[in-house]
Amino acid sequence: FGYNDNFNHSTWLTFMKNRLEVAKRLLARDGAIFIQIDHHQLAYLVALMDGKELFGIENKVQLISIKTASPAGFKTVNPGPIDVTEYLLFYTKNKKFFNFKKAYVPVDYDDNYKYVITNPDDNPDNWMLEHIRDTVYRLNDIEIGNNWHISNRNAKNKWGKYWKIIRNQLISAYALDNNKNVVSIRDPHKPTKELKELMNKSINDRDKIFVYSKTNLDENDENNNRQGYVINGGALSFYSNKVKKIDGSITPTELLTDFWKDLSWDGIAKEGGVKLKNGKKPEKLLKRIIEITTEKNDIVLDYHLGSGTTAAVAHKMERQYIGIEQLDYEKNDSTIRLQYVIGKQIKKDGEWIDTIDCDKSGISKAVNWQGGGDFIYCELKKYNQTFIEQIEEAKDSKELLTIWEEMKEHSFINYNIDIKKQDEQIEEFKKLTLKQQKEILLQILNKNQLYVNLSSIDDEDFKISDEDKKLTKEFYQLKEENKDSQMDTGL
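The structure displayed is predicted, hence computed values, not measured ones. (Residues numbered from 1 in each chain as written. Predicted model: local features only at pLDDT ≥ 70, side-chain atom pairs only at ≥ 80, totals over all residues. Heavy atoms only, no water.)

(A) Molecular detail of the sheet that holds strand 14 (residues 249-255). The antiparallel open sheet is built from three strands, whose spatial order is 4-14-13. Edge positions in the open sheet fall to strand 4 (104-106) and strand 13 (243-246), since each of these has one partner strand only. Averaged over all pairs of adjacent strands, the angle between their axes in this sheet comes to 60°, without regard to strand direction. Two strands pair when backbone bridges link them, and strand 13 and strand 14 are joined in this way by four bridges, in the antiparallel orientation. Residue pairing for strand 14: Lys-244 is matched across the bridge by Thr-251. (Pairing = 2+ DSSP bridges. Helix = DSSP H or I, 4+ residues; strand = E, 2+ residues; numbered from the N terminus. Axes fitted to C-alpha atoms, helices over the stretch in contact; angles between N-to-C directions.)

(B) Region of interest: the nonpolar core. Counting residues in each nonpolar core, the largest one holds 21 residues, and the members touching the most others are Phe-34, Ile-64, Ile-66, Leu-88, Trp-260 and Leu-285. Counting only elements with at least two residues in this core, the list comes to strand 2 (60-67), strand 3 (85-92), helix 8 (283-293) and helix 9 (309-316). Ranked by residue count, the leading element in this core is helix 8, at five residues. Ignoring sequence-local partners within four residues, the contact set of Ile-66 consists of Gln-36, Val-84, Thr-85, Glu-86, Leu-88, Trp-260, Trp-265 and Leu-285. Of all hydrophobic cores here, the second largest spans 19 residues; its members include Met-16, Leu-20, Met-49 and Tyr-87. (Core = buried A, V, L, I, M, F, W, Y, C linked by side-chain atoms within 4.5 Å. Buried < 20%, exposed > 50% of the residue type's maximum accessible area, 1.4 Å probe, protein only. Contact = heavy atoms within 4.5 Å.)

(C) Local environment of the packing of helix 11 (residues 384-393) against helix 12 (residues 397-410). Between helix 11 and helix 12, whose axes approach to 10 Å, the crossing angle comes to 170°. Judged on the interaxial angle alone, helix 12 and helix 11 are roughly antiparallel. Where helix 11 approaches helix 12, its residues Phe-387, Gln-390, Ile-391 and Glu-393 are matched on the opposing element by Glu-399, Leu-400, Ile-403, Glu-406, Met-407 and His-410. Here the residues of the contact of helix 11 with helix 12 are counted per class, giving five nonpolar, two polar and three charged. (Parallel < 35°, antiparallel > 145°, perpendicular 65-115°, else oblique. Nonpolar A, V, L, I, M, F, W, Y, C, P; charged D, E, K, R; others polar.)

(D) Layout of the pattern of salt bridges. Inspection of every chain in the model, using the stated rule, returns 17 salt bridges. For Lys-408, the salt bridge goes to Glu-405, with nearest N and O atoms at 3.1 Å. Of this pair, Lys-408 and Glu-405 both sit in helix 12, three residues apart, which is roughly one turn of that helix. Residue classification places Lys-408 among the partly exposed residues on the basis of a relative accessible area of 22%. Overall, Glu-405 belongs to the partly exposed group, its relative accessible area being 44%. A salt bridge links Asp-423 to Lys-408; its shortest N-O distance comes to 2.9 Å. Taken together, the residues Asp-423 in helix 13 (residues 419-424) and Lys-408 in helix 12 connect sequence positions 15 residues apart. (Salt bridge = Lys/Arg side-chain N within 4 Å of Asp/Glu carboxyl O.)

(E) Structural view of the sheet that holds strand 1 (residues 32-37). What the four strands build is an open sheet, ordered 1-3-2-15; its pairing is mixed. Every other strand in the sheet has two partners, leaving strand 1 and strand 15 (259-260) as the edge strands with one partner each. Lying over the sheet, helix 8 contacts strand 1, strand 2, strand 3 and strand 15, oriented at roughly 155° with respect to strand 1.

(F) Main features of the environment of Gly-323. Looking at the element boundaries, Gly-323 is found in strand 17 (residues 320-323). Those residues in contact with Gly-323 that lie beyond four places of it in its chain are Asp-302 and Leu-305.

(G) Quick look at helix 1 (residues 9-26). Compared with an ideal rise of 1.5 Å per residue, which puts 18 residues at 26 Å, helix 1 spans 26 Å between its outermost C-alpha atoms and is within 8% of the ideal. Among all positions of helix 1, only Trp-12, Phe-15, Met-16, Leu-20 and Ala-23 are buried. Buried residues in helix 1, looked at end-on, bunch into an arc of 120°, giving them a common side. Packing partners of the buried residues in helix 1 comprise strand 1 and helix 2 (39-50). (Expected span 1.5 Å × (residues − 1). Arc of directions from axis to C-beta.)

(H) Up close: unusual backbone geometry. The backbone of Asp-247 sits at a positive phi, close to 55°, despite the residue not being glycine. Within the secondary structure, Asp-247 sits in the loop between strand 13 and strand 14. The backbone phi angle of Gln-477 is positive, close to 55°, even though this residue is not glycine. Of note, Gln-477 is situated in the loop between helix 16 (466-475) and helix 17 (483-489). On the basis of relative accessibility, which here comes to 70%, the residue Gln-477 falls in the exposed class.

Remember, this is a structural readout, not a statement about activity or role.
Encoded structure:
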């Protein structure tokens, strides 16, 4: 059956609890689980997850808010704010074993970093060094680009009201290119005795740069080789601490928080070459989750796989993956998407070349995806499901009558159906519309026998191949029966 957003609370919680219990059993000792949900069922799910029989409140990591939509174009159905937010529940199997990773997200230029050191090659390794006005300038007092002074009145007159935008863009670009010399001035943490004494001196004596104890440095400045500089009682913070390489681009960043507003849901309709009306997620969201919780070759499981976003991203990021889905998405199926991810070799002038034609959407550019790899997938062995599909695809009554003859011989029919009586009424059946005829045949079939049960694996009627028998037994980890021991015990 299809996932139903209109389940009542108790039915929905039972649906989730059954799956979450299995999910926890499948998780590695140091594993984690993420569940995306909107506000309608959030409180119920949190209570379920916090329970001792599932993950427990002690293993809750975070409730993450995600901006999934823009208010533009929405029609106001209910009074109050428009829904643009969903939530990610993040739990571990056991916090003691989970490896937490720092993560960073791109941000805009921070205009607190408005100073630049103009003599960076001079090493201030003594206490009272050069005068501040000889070493640090405001960014908007510096020539940027082709000797273009940032506050040049001619440029301001030329660009008019757009000048401020251009100026800010220039400052942002300059700060990024010169991030090792661009600084902000902020209050120091735990000022030393010497710093306190200096701060109480005259303005002229305070107006210096000096170095203070490494034990008092901000731990977030771990990658900066020039920590510990103080001006006028305020610590220098270098812009280089904020600058990192993300998805191949150098950008200012900040630490990842519990509010993810930078992942756009716009324009993902064609990602992966598949379309899904509801529930499709951007590849960047899965990339972030996989990055902060796994290493290469780890296993990622998604048991509501949908259009296959999780599997596609895991494949591109060199993770192993397992996906489970019970619905048929036809042209938008996850298996088709993964074939696009893997791609196919290209011919040029009649010759095969090394380039692979593969999916270039989503995170492909960020991870330099060039195609390749493989996957295998299994399907439940169909039984009555085969007849259902034939009935749904039938074009006329003649075709349906042929299917009915097959059903009488080879399908599981509901116990309360009298086949002889059905045949006696066949002329009445022929008078019905094609739609009505299909509905009757579908009602006759036993829906509990859509697929072949494991207990029937050796039944000749099902014609199960040796290969499928072997695969099924390996899947369920069933051992071959020992015939010798059976004989010895008289079984």
